[in-house]
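The primary structure of each chain is shown beneath.
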There are 2 protein chains.
Amino acid sequence: MKIVSDNRILIVGLGLIGGSYAQALTSLGYEVYALTRTPSTITYAKENGMIKDGMTEIDPAFISSFDFVIFSLYPNALFDWMKKFHSYLKKGALISDVTGVKKSIVYPIQKLLKEDDIDFVASHPMAGKEVYGVKNADKEIFKRANFIVTPTENNKEENVKRIEELGKILGFKNISRLSVEQHDKMIAFLSQLTHIIAVSLMNCPDSLDYQKYTGDSFRDLTRIANINENMWSELFLLNKEELLKSIDNFSSQLDRMKEYIQNDDIEGMKEMMRTSSSRRKEL
Amino acid sequence: MKIVSDNRILIVGLGLIGGSYAQALTSLGYEVYALTRTPSTITYAKENGMIKDGMTEIDPAFISSFDFVIFSLYPNALFDWMKKFHSYLKKGALISDVTGVKKSIVYPIQKLLKEDDIDFVASHPMAGKEVYGVKNADKEIFKRANFIVTPTENNKEENVKRIEELGKILGFKNISRLSVEQHDKMIAFLSQLTHIIAVSLMNCPDSLDYQKYTGDSFRDLTRIANINENMWSELFLLNKEELLKSIDNFSSQLDRMKEYIQNDDIEGMKEMMRTSSSRRKEL
């Protein structure tokens with residue numbers, strides 16, 4: 001299946017993920033164009049063979065020349081872009097995104113596009129690095145990662161399949177379909193909660209005192225504690241409801257263990273550890 | 001500095017850590033003997049050149065022939081052994097351990113040994129694996145690890161130096177001295193709390209639902225969730241006071257982040273993330 005018949009793809013926002021998409025799609029023979037804020041990003045991406053060309057200005061003629069557009073912007077920037085410029089997108093175009101939250105993004109944008117005959121099939125490449133920007137782009141980050149497509153009833157099945165195909169050709173290990181609600185519940189637990197735990201751990205005053213003694217376990221739990229505060233604060237607030245539920249679920253388990261320790265309840269502690277061990281072995 | 005003038009060392013308890021000590025010390029030219037529960041452990045260790053010889057029976061003549069003994073037992077087993085057999089240890093001997101908690105172990109055992117003219121200089125090799133037993137022994141695990149010596153006023157400075165020397169020749173990256181109180185506070189935060197977080201995370205019902213989607217961050221946070229419930233339940237209870245304080249400190253930070261999210265307090269969230277990022281970069 002070809003994602004787009006004329007092979008031309010526009011990527012809006014050429015950061016780490018947009019740049020990695022560009023790298024991968026160019027290497028597959030697509031003609032990749034970019035729309036991004038900074039001229040030096042375009043220069044870098046052209047010089048490094050990641051894109052054919054790019055622009056930093058909003059040019060309706062340029063934007064409307066694409067049948068397929070991928071938005072690689074932070075969630076609020078994506079929503080702002082759509083509010084201002086959605087009418088420039090080509091009628092009949094297929095668009096997707098890379099946003100880490102779905103419910104609060106997908107429905108409002110689909111509503112905005114209602115009269116436009118544009119199909120927004122949302123997706124989430126669950127890949128990243130602790131570094132940012134096009135200069136750190138690296139298509140290899142997709143190899144071990146999951147690609148989630150989150151169709152709604154507004155999407156055409158044919159286009160959902162084209163976005164699944166996008167995940168495949170980008171080299172993702174697993175391609176899955178989830179509803180936007182399932183996606184947000186899953187991401188609250190697996191990704192947002194884990195980042196909140198890491199950040200909370202680093203904010204304990206003790207983390208300053210014991211740097212000399214940190215071993216593998218502390219390093220593992222805080223690897224993701226070096227965090228982009230602009231992106232993650234947006235993601236947390238846009239998935240507030242599910243995230244608060246995840247934090248509460250985790251806190252209950254933490255309190256349960258605390259109570260066992262307080263009460264010298266060895267059997268209770270061991271039961272939690274056995275559950276933990278057997279589930280971890282299945283991973 | 002030589003740890004022991006006649007080069008003979010007894011290791012009591014030949015599991016993962018005891019076996020790794022035996023492997024390292026034999027390779028350095030020491031004559032290593034073992035006292036352990038299972039005959040097959042002795043056979044295996046002899047056949048693999050880890051020890052010169054070993055016994056499974058308590059033989060006062062054997063035990064009292066050593067000037068230097070390392071106990072590699074779980075904390076409660078160590079304490080039981082001492083209560084029953086401490087009088088068999090040679091007068092003037094130097095002994096050490098590998099226990100992961102100190103205050104609740106070191107003072108009671110030193111009290112027990114008061115009339116014996118035996119110097120118990122406690123130490124904690126902060127190394128391990130998720131697997132157990134002599135067959136998984138591997139002296140390489142010490143290379144990136146910390147070795148903590150926890151002297152008390154009952155110890156002779158000369159013997160404290162000998163135990164520091166032990167850490168050095170075993171190949172540990174860092175050798176440090178801490179009071180038993182400092183040690184237990186540090187270990188509560190860096191090691192025990194992190195294990196409790198991982199176990200609590202795996203006990204959330206969501207951990208069953210989303211196995212298919214787990215990415216690097218969830219894997220990192222739960223690597224240590226496959227846990228030996230017999231050893232860790234002992235360690236947690238023997239360091240109860242410090243551990244409960246660490247859990248409470250962490251819970252406060254988690255609650256703080258939760259409140260920021262509830263109140264859409266973006267600046268509060270970002271401040272925690274900036275603290276987290278800058279501390280993590282220093283690690």
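Residues numbered from 1 in each chain as written. Chains lettered and ligands numbered in written order. Predicted model: local features only at pLDDT ≥ 70, side-chain atom pairs only at ≥ 80, totals over all residues. Heavy atoms only, no water.

I tried to follow the overall build of chain A on my own but got confused; where do I start?
Counting secondary structure elements, chain A contains twelve helices and nine strands. Taken along its principal axes, the extent of the C-alpha atoms in chain A is 70 × 40 × 30 Å. Among the 283 residues that make up chain A, the fraction classed as buried is 58%. Taking the contacts inside chain A whose residues are at least 6 apart along the sequence as the reference set, 70% of them involve residues at least 24 apart. As presented, chain A carries roughly 11,600 Å² of accessible surface, and 47% of it is formed by carbon and sulfur atoms. Side-chain charges in chain A split into 37 positive and 39 negative, and the spacing between the mean points of these groups amounts to 3 Å. (Helix = DSSP H or I, 4+ residues; strand = E, 2+ residues; numbered from the N terminus. Buried < 20%, exposed > 50% of the residue type's maximum accessible area, 1.4 Å probe, protein only. Contact = heavy atoms within 4.5 Å. Areas by Shrake-Rupley, 256 points an atom, 1.4 Å probe, with all protein chains shown as cover. Lys, Arg positive; Asp, Glu negative; His and termini not counted. Charge placed at Lys NZ, Arg CZ, Asp CG, Glu CD.)

Where do I start with a negative patch on the surface in this structure?
A surface patch of like charges, here negative, comprises Asp255(A), Glu259(A), Asp255(B) and Glu259(B). Residue assignment for the negative patch shows that the elements contributing at least two residues are α11 (240–262) of chain A together with α11 (240–262) of chain B. Topologically, Asp255(A) is positioned in helix α11. (Patch = residues over 30% accessible without salt bridge, like charges linked within 9 Å, V, L, I, M, F, W, Y side chains within 5 Å. Salt bridge = Lys/Arg side-chain N within 4 Å of Asp/Glu carboxyl O.)

What is the right way to look at the side chain of Ser276(A) in this model?
Within the secondary structure layout, Ser276(A) lies in helix α12 (residues 266–282). According to the relative accessible area criterion, Ser276(A) is buried, its value standing at 0%. In contact with Ser276(A), other than residues within four places in its own chain, are Ala198(B), Val199(B), Met202(B), Asn203(B) and Ala225(B).

In this structure, what is going on with the interface of chain A and chain B? I would like to understand it.
It is common to give the size of an interface as the accessible area that goes away when the parts come together. If you look at the interface, chain A gives 82 residues, while chain B gives 82 residues. Summed over both sides, the interface between chain A and chain B buries roughly 8,400 Å², with carbon and sulfur atoms accounting for 64% of that surface. Arg223(B) is the partner of Asp220(A) in a salt bridge, and the nearest nitrogen-oxygen pair spans 2.3 Å. Remark: the boundary between chain A and chain B carries 34 residue pairs in polar contact (both at pLDDT 80 or more). Among the elements of the structure, β8 (146–150), β9 (174–177), α7 (180–203), α8 (206–209), α9 (216–222), α10 (229–238), α11 and α12 of chain A are those that each provide at least two residues to the side of chain A that touches chain B. (Buried area = accessible area lost by both parts, 1.4 Å probe. Polar contact = N/O pair within 3.5 Å; in protein donor to acceptor, adjacent residues only side chain to side chain.)

Just to check I follow, could you spell out the packing of α7(A) against α10(A) for this structure?
When two helices pack together, their arrangement is captured by the angle between the axes and the distance separating the axes. Residue and element names in this part refer to chain A. Two elements in contact, α7 and α10, have axes whose closest approach is 11 Å; the angle formed by their N-to-C orientations is 120°. When the axis of α7 is compared with that of α10, the two are oblique. Like other packed secondary-structure pairs, α7 and α10 cross with a definite hand, here left-handed. Within the contact between the two elements, α7 uses Ser191, Gln192, His195 and Ile196 and α10 uses Trp232, Leu235 and Phe236. When its residues are assigned to classes, the contact of α7 with α10 shows four nonpolar, three polar and no charged. (Axes fitted to C-alpha atoms, helices over the stretch in contact; angles between N-to-C directions. Parallel < 35°, antiparallel > 145°, perpendicular 65-115°, else oblique. Left-handed = near helix turned anticlockwise from the far one by under 90°. Nonpolar A, V, L, I, M, F, W, Y, C, P; charged D, E, K, R; others polar.)

How should I be thinking about the sheet that holds strand β3 (residues 53–55) of chain B in this particular structure?
Two orientations exist for strands paired in a sheet by backbone hydrogen bonds: parallel and antiparallel. All names here are of chain B. Within the open sheet, the six strands sit side by side as β3-β2-β1-β4-β5-β6. Their pairing is parallel. This sheet does not close on itself; its edge strands, each paired only once, are β3 and β6 (119–120). Of the pairings in the sheet, the one linking strand β4 (residues 68–71) to strand β5 (residues 94–97) comprises four bridges and is parallel in character. Within β5, the position partnered with Phe71 by the bridge is Asp97. Across the sheet, helix α1 (residues 16–27) touches β1 (8–12), β2 (31–35) and β4, and the angle it forms with β1 is around 165°. Set on the sheet, helix α4 (residues 75–85) makes contact with β1, β2, β4 and β5; between it and β4 the angle comes to about 140°. (Pairing = 2+ DSSP bridges.)

Would you mind showing me how to read the relation of the copies chain A and chain B here?
Two chain copies here: they are related by a rotation about an axis and a translation along the same axis. Structural alignment of chain A on chain B gives an RMSD of 0.0 Å, achieved by rotating through 180° and translating 0.0 Å along the axis. On this basis, the relationship between the two copies can be described by a two-fold rotation axis. Counting the interface residues of chain A, we find that 100% of their copies in chain B are interface residues as well, pointing to one common contact surface. (Least-squares fit on C-alpha atoms with pLDDT ≥ 70 in both.)

How should I be thinking about the side chain of Ser191(A) in this particular structure?
When you line up the elements, Ser191(A) lands in helix α7. With relative accessibility at 13%, the residue Ser191(A) sits in the buried group. The residues contacting Ser191(A), other than those within four sequence positions of it, are Met186(A), Trp232(A) and Ser217(B).

Help me understand the packing of aromatic side chains, please; the structure alone is not making it clear to me.
In this description, a pair of aromatic rings is defined by centroid distance and the angle of the planes. For the structure on display, the rule yields 24 aromatic pairs over all chains. Ring geometry for Phe142(A) against Phe172(A): centres 4.7 Å apart, planes inclined by 25°, an arrangement best described as stacked. Of the two residues, Phe142(A) sits in the loop between β7 (122–126) and β8 while Phe172(A) sits in the loop between α6 (157–170) and β9, which places them 30 residues apart along the sequence. For Phe172(A), a relative accessible area of 6% puts it in the buried group. With a centroid separation of 5.3 Å and 85° between ring planes, the pair formed by Phe62(B) and Phe66(B) is classed as edge-to-face. The ring centre of Tyr33(B) lies 5.0 Å from the NZ or CZ of Arg8(B), which sits over that ring. For Arg8(B), the ring lying beneath its charged end belongs to Phe66(B), and the centroid distance is 4.3 Å. (Phe/Tyr/Trp six-rings, centres within 6.5 Å; stacked < 30°, edge-to-face > 60°. Lys NZ or Arg CZ within 6 Å of the ring centre and 35° of its normal.)

Got a minute to help me understand the environment of Ser176(A) in this structure?
Inspection of the secondary structure puts Ser176(A) in strand β9. Between the C-alpha atoms of Ser176(A) and Ser123(A), which are 53 residues apart in sequence, the distance is 9.7 Å. Beyond its immediate sequence surroundings of up to four residues, Ser176(A) is in contact with Phe147(A), Ile148(A), Val149(A), Lys212(B) and Tyr213(B).

Explain the sheet that holds β9(A) to me, please; I cannot follow it from the model alone.
Residue and element names in this part refer to chain A. If you walk across this open sheet you meet the three strands as β7-β8-β9, and the pairing is mixed. With partners counted over all chains shown, the strands left at the sheet margins are β7 and β9, one partner each. Averaged over neighbouring strand pairs, the angle between their axes works out to 20° when direction is ignored. Pairing of β8 with β9, which is carried by four bridges, proceeds in the parallel orientation. The partner of Ile148 across the bridge, within β9, is Ser176.

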